[in-house]
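# Results of the structural survey
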Amino acid sequence: MVPRAGSRRRSAASLSTRTAPEIPDVYIVERLFSSSLVVVVSHTKPRQMNVYHFKKGTEICNYSYSSNILSIRLNRQRLLVCLEEAIYIHNIKDMKLLKTILDIPANPTGLCALSINHSNSYVAYPGSLTTGEIVLYDGHSLKTVCTIAAHEGTLAAITFNASGSKLASASEKGTVIRVFSVPDGQKLYEFRRGMKRYVTISSLVFSMDSQFLCASSNTETVHIFKLEHLTNSRPEEPSTWTGYMGKMFMAASNYLPTQVSDMMNQDRAFATGRLNFSGQKNICALSTIQKLPRLLVASSDGHLYIYNLDPQDGGECVLIKTHSLLSSGTTEENKENDLRPSLPQSYAATVARPSTSSASTVPGYSEDGGALRGEVIPEHEFATGPVCLDDENEFPPIILCRGSQKGKAKQS
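Keep in mind that this is a model prediction, so the values were computed, not measured. Here the residue index of a chain counts from 1 through its sequence in written order. pLDDT decides what is reported in this predicted model: residues at 70 or higher carry local features, side-chain atom pairs at 80 or more are listed and counted, and totals for whole chains, interfaces and linings draw on all residues regardless. Remark: hydrogens and water are excluded; side-chain values derive from all non-hydrogen atoms of the structure.

So, on to the overall build of the protein. Across its full length, the protein carries three helices and 27 strands. Think of it in three bands: residues with accessible area under 20% of the maximum for their type are buried, residues over 50% are exposed, and the middle band is partly exposed, with areas taken using a 1.4 Å probe on protein chains only. Within the protein, the fraction of its 412 residues that count as buried is 47%. Residue-level accessible areas treat just the shown protein chains as cover; the underlying method is Shrake-Rupley with a 1.4 Å probe. For the protein, the computed accessible surface area is about 21,600 Å², with 52% contributed by carbon and sulfur atoms. Runs of E in the DSSP output that reach at least two residues are strands. Runs of H or I that reach at least four are helices, and both are numbered from the N terminus.

Next up on the list: the pattern of salt bridges. The salt bridge definition used is simple: a Lys or Arg side-chain nitrogen within 4 Å of an Asp or Glu carboxyl oxygen. Evaluated as defined, the whole model comprises four salt bridges. For E30, the salt bridge is made with R73, and the minimal N-O distance between the two is 3.7 Å. Highlighted residues: E30 in strand 2 (residues 26–31) and R73 in strand 6 (residues 71–74), separated in sequence by 43 residues. Since its relative accessible area comes to 26%, R73 is described here as partly exposed. Residues R274 and E316 are paired through a salt bridge, measuring 3.6 Å at the closest nitrogen-oxygen approach. Of this pair, R274 sits in strand 21 (residues 271–274) while E316 is found in strand 25 (residues 315–316), placing the two residues 42 residues apart along the sequence. On the basis of relative accessible area, R274 is assigned to the partly exposed category, the value being 44%. The structure contains a network of salt bridges with shared partners spanning R178, K187 and E190.

With respect to the element layout, L213 can be found in strand 19 (residues 212–217). Its relative accessible area of 0% is what places L213 among the buried residues. For the pair L213 and A168, spaced 45 residues apart in sequence, the C-alpha to C-alpha distance is 8.4 Å. Residues contacting L213, with those up to four places away along its chain left out, are A168, I177, V179, L204, V205, F206, H223, I224, F225, L227 and L286. Note on contacts: a residue pair is in contact if any heavy atoms of the two residues lie within 4.5 Å.

Before going further, it helps to examine the side chain of N107. Here N107 is to be found in the loop between strand 9 (96–101) and strand 10 (113–114). At a separation of 2.9 Å, a polar atom in the side chain of N107 contacts the main-chain carbonyl oxygen of L111. Those residues in contact with N107 that lie beyond four places of it in its chain are L70, C82, L83, E84 and P126. Whenever two N or O atoms come within 3.5 Å, that pair is a polar contact, provided that in protein one can donate a hydrogen and the other can accept it, and provided that, for residues adjacent in sequence, both atoms are side-chain atoms.

By secondary structure assignment, the location of R193 is in the loop between strand 17 (187–192) and strand 18 (201–206). In terms of polar contacts, R193 uses its side chain to reach the backbone carbonyl oxygen of G174, at 2.7 Å. With residues near it in sequence (within four places) discarded, R193 still touches G174, T175, V199, I201, T219, H223 and F225.

So, about the packing of aromatic side chains. Only rings of Phe, Tyr and Trp enter the pairing, Trp through its six-membered ring, and a pair is recorded when the two centres are within 6.5 Å. The plane angle decides the type: under 30 degrees is stacked, over 60 is edge-to-face, the rest tilted. Within the structure shown, the criterion is met by five aromatic pairs. When the ring of F277 is compared with that of Y305, the centres are 5.7 Å apart and the planes differ by 40°; the resulting orientation is tilted. Note that F277 is positioned in the loop between strand 21 and strand 22 (282–289) and Y305 in strand 24 (residues 303–308), a separation of 28 residues in sequence. Classification of F277 by relative accessible area gives buried; the value is 10%. Judged by relative accessible area, Y305 falls into the buried class, the value being 6%. Joined through ring pairs, the aromatic side chains of Y189, F191 and F225 make up one cluster.

Moving on, we get to the state of the cysteines. By definition, a disulfide links two cysteine residues through a covalent bond between their sulfur atoms. Two cysteine sulfur atoms make up a disulfide if the distance between them is within 2.5 Å. This model, assessed by the stated rule, comprises zero disulfides. Here C214 stays unpaired: no disulfide links it, and the sulfur of C284, its closest cysteine neighbor, is 3.3 Å away. By relative accessible area, C214 is classed as buried at 0%. Residue class for C284 comes out buried when judged on its relative accessible area of 3%.

Between any two strands, at least two bridges found by DSSP are needed for them to pair. Strand order in the open sheet formed by five strands is 18-19-20-21-25, with mixed pairing between adjacent strands. This sheet does not close on itself; its edge strands, each paired only once, are strand 18 and strand 25. Relative to strand 20 (residues 221–226), strand 19 runs antiparallel, the two being bridged by four bridges. Its bridge partner being in strand 20, C214 is matched across the sheet by I224.

Turning to the confidence of the model for the protein, a few remarks are in order. One confidence number per residue, pLDDT, is output by the predictor and ranges from 0 to 100. Looking at the protein, pLDDT values average 76 and 66% of them are 70 or higher. Throughout residues 258–265 the model reports pLDDT below 50, and contacts reaching past four residues in sequence, or to other chains, amount to 12 contacts. Per-residue pLDDT stays below 50 along residues 336–412; that stretch engages in 169 contacts with residues further than four places along the chain or on separate chains.

The next thing to look at is unusual backbone geometry. Glycine aside, a negative phi is what most residues show, and trans is what most peptide bonds show. For the bond running from V182 to P183, omega is 15°, close enough to zero to count as cis. Checked against the element boundaries, P183 lands in the loop between strand 16 (176–181) and strand 17. Although it is not a glycine, K291 sits at a positive phi angle of roughly 70°. Inspection of the secondary structure assignment puts K291 in the loop between strand 22 and strand 23 (292–299). Looking at K291, the relative accessible area reads 77%, which means it is exposed.

Structure follows, in structure tokens:
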């Protein structure tokens, strides 16, 4: 089945505040990095994907599919449209359909991942309805790379790191998070999020340098795991009595049931962030703001929480600011930080201090779009000229370095 292509360009499809009532029931919004390219799906037309240039207020193109669109992923080379029983892979530069993956198990949540590194464009999606099998797919060669037996239970979250060299996953139980190498699918790390209760993982994300992995859920705790450097060297012999006992204890775990020995070998959270709510969907991110590591959590009720993260010692993350995303200009400082001693004794206390500068800048982002200049997207197959995301050849920066059978474009 080939998705049906709609009109190439329209003049009244802006995403600005003035025309927002035209699309009041949007449930998917994906932006191509910090460019002006935005992909939108609404409840009114859940089978149609609209691609907009939101700064100019124009529609670049739209495509219709055979069933509801559940998720969309994109990088500088590929755009993925995930339906319950199919995944469509488009070339983002001209929106040409490159591949339709049909032989997949039912995926009612639209769970899938795409590497943001366009040099590999790996794709991951569930390979089973009953187990946590992951299919790793090459978005360039359009071939299956391997399958990974990640979990016993069904998958709840999968994500790539920035370079596309690692893949993290969590099952519906939400107690264990695993990290695998890409493309060979070997297990690198195994982390235990908790033991007392099963949770629903809301978000799973690597830091840009792949040193940390963050997981948020429907509970009040956000967990951050540290990906220590792996080594194949032989461990040193313990020089103390406690070290010797620890080695004997780990050796004894080989004779215990698999579930118990696995639990003993799983690493725990390096740092945690405490939310003042639970039961809400949220998205977490690890970022560097003003050269300091921060944990960001956005909740479904429209708030953004910013925490300090101590990259050396971990521990409890300190809440610094709370922003209301639904009320312009509303920011709340963490009042507890005003009670800190005049001479902070730890790194965490030092970097938790709110900045006194009047302007805050985030590397790689600017208020006018954050785009690199000098590049032009190749000519769109529906366009009369090159598709430029801005008047001066804006191009999205790299963060690192089912319709009709014979759908044809309708010219407007």
